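Overview (structure and organization)
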Amino acid sequence: MTHYETLVERLSTQTAHVGVIGAGYVGLPLAVGFAEAGLHVTLVDMNADKIKMLCAGDSYIPDVTPERVQALVQSGHLRPTSDYAQLAAADAISICVQTPLDINREPDLTFIRAALTSLSAHLHVGSLIILESTTYPGTTVEHVVPMVQERGFVIGDDIFVAFSGERIDPGNAHYGLRNTPKVIGGMTPACSRLTELLYEHAIDRVVLVSSPTAAEMVKLVENSFRLVNISFANEVAMMCGRLGINAREIINAAATKPFGFMPFYPGPGAGGHCIPVDPVYLSWKMRTLNYSARFIDLASEINNAMPHYVVERITEALNDDEKAVKKARVLLLGVAYKPDIDDMRESPSLPIIDLLRHKGAQVMYHDFFVPVLRVEDGTTLTSAPYSEALLQQADCVVILTNHHKYDWRHVVEHSRLIVDTRNVAANVVGQARIVGL
Ligand SMILES: NC(=O)c1ccc[n+]([C@@H]2O[C@H](COP(=O)([O-])OP(=O)(O)OC[C@H]3O[C@@H](n4cnc5c(N)ncnc54)[C@H](O)[C@@H]3O)[C@@H](O)[C@H]2O)c1
């Protein structure tokens, strides 16, 4: 039997042993998905605290309940560890480590490289390696393939390699791992077929593309599409501001067209690990090919300018109340980058806090999910307990994240002035004066 045939047999049944590297927002739900499908999963993470929590049957990702982790750890289907040696018998290994930007806002592949180096020592014939981290087109070919070849293995015969970008949307109650189709690009047709067999355990539909580079590009096109459209909606808000009309009204009316228009809405700026970051990976790669990704660069520029625009709106709103930003008490409601999660990565709240504090404002915040916040100057803020008194003492309440737990009627009833970047208070009647974006 060839290694391919053996792997086909193993991955077609629940006897397969799967390794997942990186137990974060992506890796943990993926590992849990495989384990709940009956596979045996080894989940490797360098963060000892995370592994300790998982081994104790606990969870730190809101989409994965502690009960689910506990059941899988107890049954032995999920084995969290920091020891790469545990991957020595894995049939398939998914790499789900983070891909941030470095201080120059360029791709930082440190985590992928480190994971590959650690994995390299435990590589064995007859295994499938899948890169899941979002990264620039060419990463699998430039980084994963050489690591395998340096060990003397032949791709497509001894070891199989593919890319499949994760599409998970933390906090999304409708689309999770199972019902979000997954795009796969293998180095050879055999690599693609094996990846398909693996994912079919946990995902309803897999879509094959011609190569890992194509699959990497699919992921970046998806996220660049969102960044470009969100930035356009933000520019529409700025244009409407000049015209003295309401951007939401315009976008909602445009969306009544049954074809050819897809609504995106303004906000304080797109945050998170993906939308503001991933397109920069593509733009960077294009620069190495002497091409300028103009839409992406412009969209990033607008996105990065949104916190300044929000602070401008706050300044104007206070000015209309005959108040200066300096010494004004500004209360931010919600600081996470999107509703109902605790994720602060690339949240526009961080530069907004920074800009307001530079102008001398006394900034307070409340967030159900973020009890403590480390701001850009390194200091720490603590979420103020939500109360009527908190709203009343603020010169300006700024709605930054529309967590569903907020009662906007209550907020509008007890605040004086609201800058609403999420358009959640616009139609609520109460004492507050409300300023939109
Ligand atoms: N978070 C999302 O919504 C989302 C959605 C789709 C795709 N992605 C992509 O998926 C990838 C992972 O993102 P995430 O949000 O899960 O990141 P994360 O920071 O939540 O998790 C990454 C984990 O990898 C671990 N890690 C880092 N280096 C390691 C190493 N060498 N060995 C073992 N473990 C290591 C970290 O300790 C961490 O727990 C990124 O490329 C991201 O762009 C994220």
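Residues numbered from 1 in each chain as written. Predicted model: local features only at pLDDT ≥ 70, side-chain atom pairs only at ≥ 80, totals over all residues. Heavy atoms only, no water.

What about the sheet that holds strand 8 (residues 206-209)?
Note the cut-off: DSSP-based pairing: two strands are paired if at least 2 bridges between them are found. What counts as a helix is a DSSP run of H or I of at least four residues, what counts as a strand is a run of E of at least two, and both are numbered from the N terminus. To get an axis, fit a line to the C-alpha atoms, keeping to the stretch in contact for a helix; angles then go from 0 to 180 degrees between the N-to-C directions. Throughout, a residue-residue contact means that at least one pair of heavy atoms, one from each residue, lies within 4.5 Å.
Here we have eight strands laid out as an open sheet, ordered 3-2-1-4-5-6-7-8, and mixed in their pairing. Sheet topology places strand 3 (78-81) and strand 8 at the edges, where each strand pairs with a single neighbour. In this sheet, neighbouring strand axes are inclined to one another by 25° on average, regardless of whether the strands run parallel or antiparallel. Where strand 6 (residues 159-163) lies against strand 7 (residues 182-186), two bridges are found, and the strand directions are antiparallel. Bridging across to strand 7, Ala162 finds its partner in Gly186. Those strands touched by helix 5 (residues 110-120) are strand 1 (17-21), strand 4 (92-95) and strand 5 (127-131), and its axis lies near 160° from that of strand 4.

Details of the pattern of salt bridges
What counts here: Each salt bridge in this description consists of a side-chain nitrogen of Lys or Arg and a carboxyl oxygen of Asp or Glu lying within 4 Å of one another. Burial here depends on accessible area, computed with a 1.4 Å probe over protein chains only, as a share of the maximum for the residue type. Under 20% is buried, over 50% is exposed, and the range in between is partly exposed.
A full pass over the atoms with the stated rule returns 18 salt bridges. Between Glu316 and Arg313 there is a salt bridge whose closest N-O contact spans 3.5 Å. Remark: Arg313 and Glu316 occur in helix 11 (residues 294-320); sequence separation between them is three residues, near one turn of the helix. A salt bridge links Arg416 to Asp395; the shortest N-O distance between them is 3.9 Å. With a gap of 21 residues between them, Arg416 in the loop between helix 14 (408-414) and strand 14 (417-420) and Asp395 in the loop between helix 13 (388-393) and strand 13 (396-399) connect regions that are remote in the sequence. For Asp395, a relative accessible area of 6% corresponds to the buried category. Three or more residues joined by partner-sharing salt bridges are found here, namely Lys323, Arg329, Asp395 and Arg416.

Some words on the sheet that holds strand 9 (residues 329-333)
The parallel open sheet is built from five strands, whose spatial order is 10-9-13-14-15. Bordering the open sheet on either side are strand 10 (362-366) and strand 15 (433-435), each of which pairs with just one other strand. Averaged over all pairs of adjacent strands, the angle between their axes in this sheet comes to 25°, without regard to strand direction. Two strands pair when backbone bridges link them, and strand 9 and strand 10 are joined in this way by five bridges, in the parallel orientation. Along strand 10, the bridge assignment pairs Arg329 with Gln362.

Quick notes on helix 9 (residues 247-254)
To keep things clear, this is the line we draw: Starting at the helix axis, one direction is taken to each C-beta atom, and the arc is that of these directions. Think of a polar contact as two N or O atoms within 3.5 Å of one another; within protein, one of them needs to be a possible hydrogen donor and the other a possible acceptor, and neighboring residues in sequence only count if both atoms come from side chains.
Among the residues of helix 9, Ala247, Arg248 and Ile251 are the ones counted as buried. Buried residues of helix 9 fall within an arc of 95° about the axis and therefore sit on the same side. Looking at the buried positions of helix 9, the neighbouring elements they touch are helix 8 (212-243). Between the side-chain oxygen at the start of helix 9 and the backbone nitrogen of Arg248 there is a gap of 2.8 Å, and the oxygen is on Asn246.

Re the site of the ligand
Note the cut-off: One heavy atom within 4 Å of a molecule or strand is enough for the residue carrying it to be called near that molecule or strand. In short, Shrake-Rupley with a 1.4 Å probe defines the accessible areas, and a residue's cover is counted only from the protein chains shown. Think of it as three bins: nonpolar holds Ala, Val, Leu, Ile, Met, Phe, Trp, Tyr, Cys and Pro, charged holds Asp, Glu, Lys and Arg, and polar takes everything else, Gly as well.
Around the ligand lies a shell of 28 residues, among which Val26, Asp45, Lys50, Tyr84 and Thr99 are the nearest. In the model, an oxygen atom of the ligand is placed 2.8 Å from a nitrogen or oxygen of the Val26 main chain. One of the side-chain nitrogen or oxygen atoms of Asp45 is found 2.6 Å away from an oxygen atom of the ligand. With the chains in place, 93% of the 830 Å² that the ligand exposes on its own is no longer accessible. Of all the elements, helix 5 adds the most residues to the shell around the ligand, at three residues. Its residues placed into classes, the shell around the ligand shows 15 nonpolar, eight polar and five charged.

Overview of the packing of helix 1 (residues 3-11) against helix 7 (residues 189-199)
Heads up, the rule is: These descriptions rest on fixed angle ranges, namely under 35 degrees for roughly parallel, over 145 for roughly antiparallel, 65 to 115 for roughly perpendicular, and the rest for oblique. Note on convention: near helix rotated counterclockwise from far helix by under a right angle means a left-handed crossing. Clockwise means right-handed.
As a packed pair, helix 1 and helix 7 sit with axes 9 Å apart at the nearest point and diverge in direction by 15°. Relative to helix 7, helix 1 is oriented roughly parallel. Read as a crossing pair, helix 1 and helix 7 show a hand that is left-handed. In contact with Tyr4, Leu7, Val8 and Leu11 of helix 1, helix 7 contributes Ala190, Arg193, Leu194, Leu197 and Leu198.

Things to note about the side chain of Ser383
Relative to the helices and strands, Ser383 resides in the loop between strand 12 (380-382) and helix 13. In terms of polar contacts, Ser383 uses its side chain to reach the backbone amide nitrogen of Asp367, at 3.1 Å. Here Ser383 is in contact with Tyr365, His366, Asp367, Val370 and Pro371, once residues within four sequence places are set aside.

Concerning the nonpolar core
Here is the rule: Among the buried residues, those of types Ala, Val, Leu, Ile, Met, Phe, Trp, Tyr and Cys that are joined through side-chain atoms within 4.5 Å form a nonpolar core.
Counting 75 residues, the largest nonpolar core has Phe34 and Leu119 as the members making the most contacts within it. Excluding residues within four positions of it along the chain, Phe34 makes contact with Val18, Val20, Leu39, Val41, Leu198, Tyr199 and Ala202. If you look at the next biggest cluster of nonpolar residues, it comprises 32 residues, including Ile314, Met344, Leu381 and Cys396.

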